[in-house]
Amino acid sequence: MSGGKSLDARLVTLDGTHLIEASAGTGKTWTITSLYLRLILERDIKVSNLLVMTYTNAATRELRSRIRQTLETARHCLSNGSTKAISQLTAQTIDSEQFLYRARRALLDFDEAAIFTMHGFCQRVLAERSFEAATPFELEVLTDQSVLLAEIIDDFWRTRICSAEPLWASYLLSQGAADAKQLQQLLYPLVGRPYLQVVPPAAVATEPNNERSLITAFEELQQLWQTARQTIAELLHDHPALNRNAYRVASIPRWIEAMNNFLSRARPDFVCFAEFRHFDRFQSTILQSPKSLKKGQRAPEHPFFDACDHYATLHSQQKDIFMARYQRLQFELFDYANHQLLSRKSEQHLQSYDDLLYRLNVALDQNPALTDTLRTDYQAVLVDEFQDTDPTQYAILERVFISGGLPTFLVGDPKQAIYSFRGADIYSYLRAKRDIADHHQLDTNWRSSDRLIHAVNVLFGNAEHQNPLYFPEIPFSPATGAPNKRLELSGDPNNKAALVCWQIARNEPSKLLSKQNARQQAAQATAGEIARLLTIPAKLGKDPLAASDIAVLVRTHHEAKIIERSLQAAAVPSVRQTQQNVFDSHEALELERLLIAIAEPTREAHVRAALLTELLGYDAPELAELAKDAARWAERLDDFFSYRTLWDEHGFARMFSRLVQGEGIQQRLLAYVDGERRTTNLLHLGELLQAEAPLRAGIQASIKWLAQRRGDSAANEEWLLRLESDAERVRIVTIHASKGLEYPVVFCPF
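Computed from a predicted model, the values in this text were never measured in an experiment.

### Section: the nonpolar core
Moving on, step 1. Counting 61 residues, the largest nonpolar core has L236, M259, F262, F279, F282, F304 and Y311 as its most contacted members.
Moving on, step 2. Listing elements by their share of this core, those giving two or more residues are α7 (146-161), α8 (166-174), α9 (180-187), α10 (208-238), α11 (252-263), α12 (270-275) and α14 (303-347).
Moving on, step 3. Among the elements that take part in this core, α14 stands out by supplying 15 residues, more than any other.
Moving on, step 4. Among all residues touching M259, those that are not within four sequence positions of it are W225, F276, F279, F282, F304 and C308.

Shown next as structure tokens:
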């Protein structure tokens, strides 16, 4: 399927539906603002009737700002009689007086501009058209339903899992089913999305005989172990036939102790067995394998080894049975959570962002008059980041705008459809691509140098690569360079290519590198190369290359930490820019402990726990010395009482400021290698708690809110880690966080 013809924003018709594929750096935002201006000037559409939608609040603010700038530029040019700039945006004959009037009106009315997130648009329609949409009045929008979901999971656990028989409970524990946060992460991408079809697993047949056999086999192992433990240990330790690379003498005492621990349980324990990684070394089949024996030798024999074989077989069979049962339980949890979430939100007059989409889609289905009303209210629509749509969002767009024949421009890049975790569905994009006849491409890259564009074209456009982007419906479309010249790296005699690929050498040609080893080598090579470029120094245009010109892209926070440590070792300053939640930080845990102590200073155990945090800086010997001195200890308790009084009487912000200054927390944190990161996290948490304080009734409510935020998996733009420094530093950026950003020099080590 072709990517479509090249788009000229000046000439493209403003009628019908258009799908515009826009790779990174090809002027997507400029195109949207140009089309917006054309619709204002040529079609005389008011800003309140021209709908623009994107998928995040930050993107909405950016679009609003850029559109206003474009309108300002148009008004200025038309006021001065300079139509040259306007002629670059539209091929229509310019009526300066009429266009100036429309541009001025658009700016005067810009506060009414219909520029929303998709959820914001749905919320507005449901609020303004509640009768037509048949929606209840005064429903509160629940920005984060994780607390409600946690309550539902707790209820399910109490009713369905708490009374589980011991063997089944043991298996559930081994799968992390007792971890509410893990269950919440399992459910979060699934609940509240009615378009998902979760197929239930087949009903599980109970196998009581297998369970009894497993318990019997375990009891036999216990009996054999009690009577022959010393003999078994001696066989493994001293038998001359065993290959000591597989049965190292130094390892055998640990295996014996692990077996002793396993068989000291009252019954088979799946958690303990999963942790016992060398149980197989006691099995006859393993002992008799060629890797375990010296050449031509015969393995040691003992009934215990045969019994271990028998137990391992039964354990594996029971594990398969329990796995199928657990899959069924997960489906039941999903079904229960979906129904309970709807029911509880209805009882509490709440609705989530996903509910906004669902309610509007149902309302449009049940009331065609609402569709006609929206077509009157919004006479054209521009959708940014369309690759992040989901089936419900596309159904709304198709029903209201596409089927209505209104001017509709859907702009996106399927190669950047990386937000499936928040509901984006690439198949919705592909469906739109099949449904819409007019396909266009933005194929001029304004961001990268000509040589880099050519290298990427060669790499991905090679005829030998079938479907380099996995989906045949998303072909690779070569880009062309823009007339503007981009700065290139120079002054490095070792490297003159725009795109450089490294290969990691194996330590031994015949032996593959471990993942950990390869990662470490890639990180060290990256850090070394960055240090070399900054030392030469290489140049970017006429200026020396600066650390802030360089970004290292990683996939995960774990990879970011590896790169950060390697750059620290190479004495290269760096800063991490990620999508990580500040409530997942160590500082959030320590701040919670400190606030608990302030809330209850009479409970000295809480105070001791607070003093041992890195925020207050005591270690165990110092705390012991403090506790011995009654006067000093009483003085320290008085500090916590005074913080409590300050919080009670003057609010969180004043108390927090006094706490940070009085305890020297900022100076203490800055002494760490990652001190700026720690300090930024702490101050960020303080801001969030202060913003939340007026909504919470009292100190305990604020602490409970912090604890809930630490325990949930919800996402909020305000909770993302902030950049800890604006100084000259190499940026370490996750792929998700780098979307839409630009860096002169980029490393992709993993």
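Further notes follow.
### Regarding the pattern of salt bridges
Moving on, step 1. Counting across every chain of the model gives 44 salt bridges.
Moving on, step 2. Among the ionic pairs, D648 bridges to R644, the shortest N-O distance being 3.0 Å. Taken as a pair, D648 and R644 lie in helix α25 (residues 630-650) at a separation of 4 residues, close to a single helical turn.
Moving on, step 3. On the basis of relative accessibility, which here comes to 48%, the residue D648 falls in the partly exposed class.
Moving on, step 4. Since its relative accessible area comes to 25%, R644 is described here as partly exposed.
Moving on, step 5. The network of salt bridges with shared partners includes K28, D384 and E385.

### Concerning the packing of aromatic side chains
Moving on, step 1. The final tally for this structure, using the stated rule, is 33 aromatic pairs.
Moving on, step 2. Ring geometry for Y171 against F322: centres 5.5 Å apart, planes inclined by 45°, an arrangement best described as tilted. On the criterion of sequence distance, the pair formed by Y171 in helix α8 and F322 in helix α14 is long-range, its members being 151 residues apart. The two residues Y171 and F322 agree in class, both being buried.
Moving on, step 3. Geometrically, the ring pair formed by F262 and Y311 is edge-to-face, given 5.8 Å between the ring centres and 70° between the ring planes. Taken together, the positions of F262 in helix α11 and Y311 in helix α14 put the pair 49 residues apart, joining distant regions of the chain.

### Digging into helix α23 (residues 604-611)
Moving on, step 1. Buried residues of α23: V607, A610 and L611, and no others. Taken down its axis, α23 places every buried residue within 95° of arc, on the same side.
Moving on, step 2. The inward-facing, buried residues of α23 abut α22 (586-599), α24 (620-628) and α25.

### A closer look at the environment of Q182
Moving on, step 1. With respect to the secondary-structure elements, Q182 resides in helix α9.
Moving on, step 2. Here Q182 falls in the partly exposed class, since its relative accessible area comes to 35%.
Moving on, step 3. Distance in space between the C-alpha atoms of Q182 and R328 is 17 Å, their sequence separation being 146 residues.
Moving on, step 4. Residues in contact with Q182, not counting those within four places in the same chain, are Q175 and G176.

### Some points on the environment of L469
Moving on, step 1. Structurally, the position occupied by L469 is in the loop between α19 (450-461) and β11 (480-481).
Moving on, step 2. Taking the relative accessible area as the measure of exposure, L469 reaches 23% and is therefore partly exposed.
Moving on, step 3. Put simply, L469 and I504 are 35 residues apart on the chain and 24 Å apart in space, counted from C-alpha to C-alpha.
Moving on, step 4. Beyond its immediate stretch of four places on either side in the chain, L469 contacts K415, I474, P475 and F476.

### Concerning the packing of helix α1 (residues 28-43) against helix α4 (residues 96-108)
Moving on, step 1. Put simply, α1 and α4 touch, their axes get as near as 8 Å, and they point 125° apart. With respect to α4, the axis of α1 lies oblique. The handedness of the crossing between α1 and α4 comes out as right-handed. On α4, the residues that touch I40, L41 and E42 of α1 are F99, R102, A103 and A106.
Moving on, step 2. Partitioned by chemical class, the residues of the contact of α1 with α4 number 5 nonpolar, no polar and 2 charged.

### Focus on the layout of surface pockets
If a probe as big as a water molecule is rolled over the atoms, it shows which places are left empty.
Moving on, step 1. In this structure, the second largest pocket encloses a volume near 620 Å³.
Moving on, step 2. Around the second largest pocket, the lining is made up of 21 residues, and of these T143, E692, R696, W705 and R709 lie nearest the centre.
Moving on, step 3. Those elements that provide at least two residues to the lining of the second largest pocket are β5 (140-142), α7, α28 (675-692) and α29 (699-711).
Moving on, step 4. When the residues that make up the lining of the second largest pocket are grouped by side-chain class, the tally is 10 nonpolar, 4 polar and 7 charged.

### Section: the environment of L37
Moving on, step 1. Examined against the element boundaries, L37 turns out to sit in helix α1.
Moving on, step 2. Of the residues examined, L37 reaches a relative accessible area of 2% and is grouped as buried.
Moving on, step 3. For L37, the residues in contact, after removing those within four places along its chain, are T70, L71, A74 and L89.

### Some thoughts on the sheet that holds strand β16 (residues 574-577)
Hydrogen bonds along the backbone pair up the strands of a sheet, which may run parallel or antiparallel.
Moving on, step 1. Read across the sheet, 4 strands follow the order β16-β17-β15-β18 without closing on themselves; strand pairing throughout is parallel. The open sheet has two free edges, formed respectively by β16 and β18 (745-747), since each of these has just one partner strand. Neighbour-to-neighbour, the strand axes of this sheet turn through a mean angle of 25°, independent of strand direction.
Moving on, step 2. The pairing of β16 with strand β17 (residues 730-734) spans 4 bridges and is classified as parallel.

Conventions adopted
Residues numbered from 1 in each chain as written. Predicted model: local features only at pLDDT ≥ 70, side-chain atom pairs only at ≥ 80, totals over all residues. Heavy atoms only, no water. Core = buried A, V, L, I, M, F, W, Y, C linked by side-chain atoms within 4.5 Å. Buried < 20%, exposed > 50% of the residue type's maximum accessible area, 1.4 Å probe, protein only. Helix = DSSP H or I, 4+ residues; strand = E, 2+ residues; numbered from the N terminus. Contact = heavy atoms within 4.5 Å. Salt bridge = Lys/Arg side-chain N within 4 Å of Asp/Glu carboxyl O. Phe/Tyr/Trp six-rings, centres within 6.5 Å; stacked < 30°, edge-to-face > 60°. Arc of directions from axis to C-beta. Axes fitted to C-alpha atoms, helices over the stretch in contact; angles between N-to-C directions. Parallel < 35°, antiparallel > 145°, perpendicular 65-115°, else oblique. Left-handed = near helix turned anticlockwise from the far one by under 90°. Nonpolar A, V, L, I, M, F, W, Y, C, P; charged D, E, K, R; others polar. 1 Å grid on protein atoms, 1.4 Å probe; cavity = no way out; pocket = protein on both sides within 12 Å on 5 of 7 lines; lining within 4 Å. Points joined across faces, edges and corners; volume = space filled by probe spheres on them. Pairing = 2+ DSSP bridges.

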